[in-house]
Amino acid sequence: MIYLIANWKAQQTLSQMQEWVDTFSTLLEADEEVSNAIASNKLQIIVCPEYPFILAAKEMLTHSGLHIGAQNVSSKEMGKYTGEVPAEILTDIVDYAIVGHSERRSHFHETDEEIAQKIIQCKQHSLNPVLCIRGESDNIPDGVKIIAYEPVGAIGSGQNEDANLVLEMKDKLKLSEDTIFLYGGSVSKDNIMSYANSGKIDGYLVGTASLDASHFFALAKLLS
Ligand code: PGA
């Protein structure tokens, strides 16, 4: 199974999101190859909307086999934490949660300890955490099944990391056999096959190219 995750970040209004879903759904309905890849679990598409749009996106993305994820999750249990979104509240709404994205580590000073708490919360409440790491120095808590390697310089820069360097990092991380290893950082339709052709990368976390529904669909098509 190959994972393709759309991380929209904080970049769309409600109407832009609705337009995205309309375009993507139309492309998907018309394409048997991509529909079959999703139906047969060859391709796992996970869309991570802006928080306020999660439910609307979920209701609009009616094509079976599409998954919704959260871009972040609280390290706290449900309780008196104004503005937080704990894992328990996300249960039954999303299947996945991105944890430890480098933008959260740098702009919101998330620490490895806080990230480890978020992973615990996800597990307690049946969410699959997608742990983002920037390199070897970031802690990988025990039992994390999905890792997204996202070198900081490659994120949003148009300078995707060379596939060989990504594979070198994968080796250095000494992950267990069953860990799902994703790459993220300026993935586009022009470079995704350089990773896919290696057969050693289990999927992609896509920011910029995921904001354009046609571009994101083109990625799905290439992976189908
Ligand atoms: P990018 O973002 O595709 O724009 O580099 C990836 C990410 O931040 O997850």
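Each remark here, short or long, concerns the structure printed above.
To keep things clear, this report deals only with the structure shown in the data block. Since this is a predicted model, take the numbers as computed values, not measurements.

**A short note on the overall build of the protein**
In step 1: Each helix and strand in the protein was counted, giving 9 helices and 8 strands.
In step 2: The C-alpha radius of gyration of the protein comes to 16 Å, within 12% of the 17 Å expected for a compact globule of 224 residues.
In step 3: Oriented by its inertia axes, the alpha-carbon framework of the protein measures out at about 45 × 40 × 30 Å.
In step 4: For the protein, buried positions account for 50% of its 224 residues.

**Some details on the packing of helix H1 (residues 14-29) against helix H9 (residues 213-223)**
In step 1: Packing of H1 against H9 brings their axes to within 9 Å, and their N-to-C directions diverge by 35°. In the crossing of H1 with H9, the sense of the turn from one axis to the other is right-handed. Note on element contacts: H9 touches H1 through Ala-213, Ser-214, Phe-216 and Phe-217, opposite Trp-20, Thr-23, Phe-24, Leu-27 and Leu-28.
In step 2: Taken together, the residues of the contact of H1 with H9 break down into 7 nonpolar, 2 polar and no charged.

**Topic: the site of the ligand**
In step 1: Taken together, 13 residues are adjacent to the ligand, and Lys-9, His-101, Gly-156, Ser-186 and Thr-208 come closest.
In step 2: Between the ligand and Gly-156, the relevant distance is 2.6 Å, taken from an oxygen atom to a main-chain nitrogen or oxygen of the residue.
In step 3: Take Ser-186: an N or O atom from its main chain is 2.7 Å from an oxygen atom of the ligand.
In step 4: A total of 280 Å² of accessible area belongs to the ligand in isolation, and the protein chains cover 99% of it.

**Notes on helix H6 (residues 112-124)**
In step 1: Helix length check: H6, at 13 residues, gives a terminal C-alpha distance of 18 Å against a target of 18 Å (1.5 Å per residue), a fit within 8%.
In step 2: Along H6, the residues classified as buried are Ile-115, Lys-118, Ile-119, Gln-121 and Cys-122. Projected down its long axis, H6 carries its buried residues within an arc of 160°, all on one side.
In step 3: Buried residues belonging to H6 abut helix H4 (87-90), strand E4 (96-99), helix H5 (102-107) and strand E5 (128-133).
In step 4: In the stretch just after H6, Ser-126 is the one whose phi turns positive, near 60°.

**Things to note about the pairing of strand E1 (residues 2-7)**
In step 1: Of all 6 residues that make up E1, 5 are buried, and the element is covered over most of its length.
In step 2: Note that E1 and strand E2 (residues 43-48) share 6 bridges and pair parallel. Of the residues in E2, the one forming a bridge with Leu-4 is Ile-45.
In step 3: In terms of strand pairing, E1 meets strand E8 (residues 203-206) through 4 bridges, oriented parallel. Paired with Ala-6 across the two strands is Val-206, which belongs to E8.

**With respect to helix H2 (residues 32-39)**
In step 1: Within H2, burial applies to Val-34, Ser-35, Ala-37 and Ile-38. Mapping the buried residues of H2 onto a view down its axis gives an arc of 160°, with all of them on the same face. Facing away from the buried side of H2 by more than 90 degrees, the exposed set consists of Glu-32 and Ala-39.
In step 2: Looking at the packing, one finds that the buried side of H2 touches H1, E2 and H9.
In step 3: For H2, the N-terminal capping position is held by Asp-31, with its side-chain oxygen 3.0 Å away from the main-chain nitrogen of Glu-33.
In step 4: Asn-41 sits one or two residues past H2 and shows a positive phi near 65°.

**Overview of the pairing of strand E3 (residues 67-70)**
In step 1: Pairing of E2 with E3, which is carried by 2 bridges, proceeds in the parallel orientation. Within E3, the position partnered with Ile-46 by the bridge is His-67.
In step 2: In terms of handedness, the path from E2 via helix H3 (residues 54-60) over to E3 forms a crossover that is right-handed.
In step 3: Looking at chain direction, E3 and E4 are connected through 2 bridges and run parallel. Each residue of the ladder has a partner; that of Ala-70, found in E4, is Ala-97.

**Points about the nonpolar core**
In step 1: Membership of the largest hydrophobic core comes to 57 residues, with the highest contact counts inside it found for Leu-4, Trp-20, Phe-24, Leu-43, Ile-45, Tyr-204 and Phe-216.
In step 2: If you tally residues by element for this core, the top one is H9, at 6 residues.
In step 3: When residues no more than four places from it in sequence are discounted, the contact partners of Leu-4 are Leu-43, Gln-44, Ile-45, Ile-46, Tyr-204, Val-206, Phe-216, Leu-219, Ala-220 and Leu-223.
In step 4: Core analysis: the second largest hydrophobic core is formed by 13 residues, Ile-5, Val-130, Ala-148 and Leu-182 among them.

About the cut-offs
Residues numbered from 1 in each chain as written. Predicted model: local features only at pLDDT ≥ 70, side-chain atom pairs only at ≥ 80, totals over all residues. Heavy atoms only, no water. Helix = DSSP H or I, 4+ residues; strand = E, 2+ residues; numbered from the N terminus. Rg over C-alpha atoms; globule rule 2.2 N^0.38 Å. Buried < 20%, exposed > 50% of the residue type's maximum accessible area, 1.4 Å probe, protein only. Axes fitted to C-alpha atoms, helices over the stretch in contact; angles between N-to-C directions. Left-handed = near helix turned anticlockwise from the far one by under 90°. Contact = heavy atoms within 4.5 Å. Nonpolar A, V, L, I, M, F, W, Y, C, P; charged D, E, K, R; others polar. Near = heavy atom within 4 Å. Polar contact = N/O pair within 3.5 Å; in protein donor to acceptor, adjacent residues only side chain to side chain. Areas by Shrake-Rupley, 256 points an atom, 1.4 Å probe, with all protein chains shown as cover. Expected span 1.5 Å × (residues − 1). Arc of directions from axis to C-beta. Pairing = 2+ DSSP bridges. Right-handed = clockwise from strand over helix to strand, strands pointing away. Core = buried A, V, L, I, M, F, W, Y, C linked by side-chain atoms within 4.5 Å.

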